[in-house]
Amino acid sequence: MGTEHSKDERRRSMVFLRKGPKLPAWEDALLSGKEPKSLLKRGLHYVSLSLIMKGMTSAPDFLWGLPEVQKLNLSRNQLVVIPPSVGKLDRLVVLNLGGNCLKCLPKEIGLLRNLKVLFVNMNCLTEVPAELSLCRKLEVLSLSHNCISQLPLSFTDLASLRKLNLSNNRFLQIPLCIFALRNLDFLHLGSNRLESIAESVQYLVNLQIFIIENNNIRSLPRSLCFITTLELLNVDYNAIQTLPDDLYLLRRLPRIAWNPMDKGLHIAHNPLSRPLPEVVEGGLDVLFNYLREKKEHN
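These numbers come from a predicted model, not from an experiment. Note on numbering: residues in each chain are counted from 1, in written sequence order. The predicted origin of the model limits local features to residues at a pLDDT of at least 70 and limits the giving and counting of side-chain atom pairs to 80 or more, whereas totals for whole chains, interfaces and linings rest on all residues. With hydrogens and water set aside, each side-chain value is computed from the structure's full complement of heavy atoms.

**Describing the pattern of salt bridges**
Logical step 1: When a carboxyl oxygen of Asp or Glu is within 4 Å of a side-chain nitrogen of Lys or Arg, the pair counts as a salt bridge. Taken as a whole and judged by the stated rule, the model has 12 salt bridges.
Logical step 2: Measuring nitrogen to oxygen at the nearest pair gives 3.5 Å for the salt bridge that ties Arg162 to Glu139. With Arg162 in the loop between strand E6 (140-142) and strand E7 (163-165) and Glu139 in the loop between strand E5 (117-119) and E6, this residue pair connects regions lying 23 residues apart in the sequence.
Logical step 3: We call a residue buried when its accessible area falls under 20% of the maximum for its residue type, exposed when it is over 50%, and partly exposed in between, using a 1.4 Å probe and counting protein chains only. By relative accessible area, which is 30% here, Arg162 ends up partly exposed.
Logical step 4: Across the pair Lys163 and Asp185 runs a salt bridge whose closest N-O atoms are separated by 2.9 Å. Helix numbering and strand numbering both begin at the N terminus, where a helix is a DSSP run of H or I of at least 4 residues and a strand a DSSP run of E of at least 2.

**Considerations on the environment of Val47**
Logical step 1: Positionally, Val47 belongs in strand E2 (residues 47-50).
Logical step 2: Here Val47 falls in the buried class, since its relative accessible area comes to 12%.
Logical step 3: The spacing of Val47 and Leu72 is 25 residues in sequence and 8.8 Å in space, taken between C-alpha atoms.
Logical step 4: Two residues form a contact once any of their heavy atoms are found within 4.5 Å. Excluding residues within four positions of it along the chain, Val47 makes contact with Leu40, Lys41, Arg42, Glu68, Val69, Gln70 and Lys71.

**Topic: the confidence of the model for the protein**
Logical step 1: Each residue carries a pLDDT value, the predictor's own confidence for that position, ranging from 0 to 100. Averaged over every residue, the pLDDT of the protein is 91; residues scoring 70 or more account for 89%.
Logical step 2: A low-confidence stretch, residues 9-20 stays under pLDDT 50, and its non-local contacts, those more than four residues away or across chains, total 0 contacts.

Written out as structure tokens, the structure is:
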């Protein structure tokens, strides 16, 4: 009797599911005949879930019932909102929301206290919630290709942040909070609307890669020359006419670089005043010797 009763219950459940509201095509394809947990991939170190390019306009509700997930990839969909329920996934270490249509992030993003990597590039963000600064373990953050013009001052609390990509946004100046991020080794601010670099840039004492190409910068501050850890400095496509005499202190720059991926000094497509264009053509050693001699004679 018990067995027959169980069979009847399963039949009624199946009938109910067939008569229920039709699932979106992407969710139906994911869950038809499956348990949500079956989508998880369990590696040696992380439990991950990838839902790339599924045509989703909203995140499936079953996600918020998977608290064990540590790596979640929702990139390249058509998501317009991330609900507050994302805060339930408090074991997340990596979250990829890139390539969607998000205009904002929920303040509950701050509940993800184990988060180390966050991609929200290629969306429609105009601001970033101050609560993100509660993710104190965050090491990598990409907010590139959005419409952001400022960052909350609370970002100074992101002391573990090492890599920050803010390229292709609407910044008129480098946010002051960035200069407090002493562990940054990568900073990309290319394709914004910057006109200057504050002297406070010298506080980024561990910076190795600094990209500020395609802005409206007219000069480089002397304090930039004191970041002797720099291995790549890209100021291509700006309005720079002169260079600071102390630039020769950046001894880890190996060459005048032309390939975007190469380490070195990228300084092409700037209206450098004479004789700098000819000096630069001679290579980095020639440029550094010229600047050193110029300083000695001043």
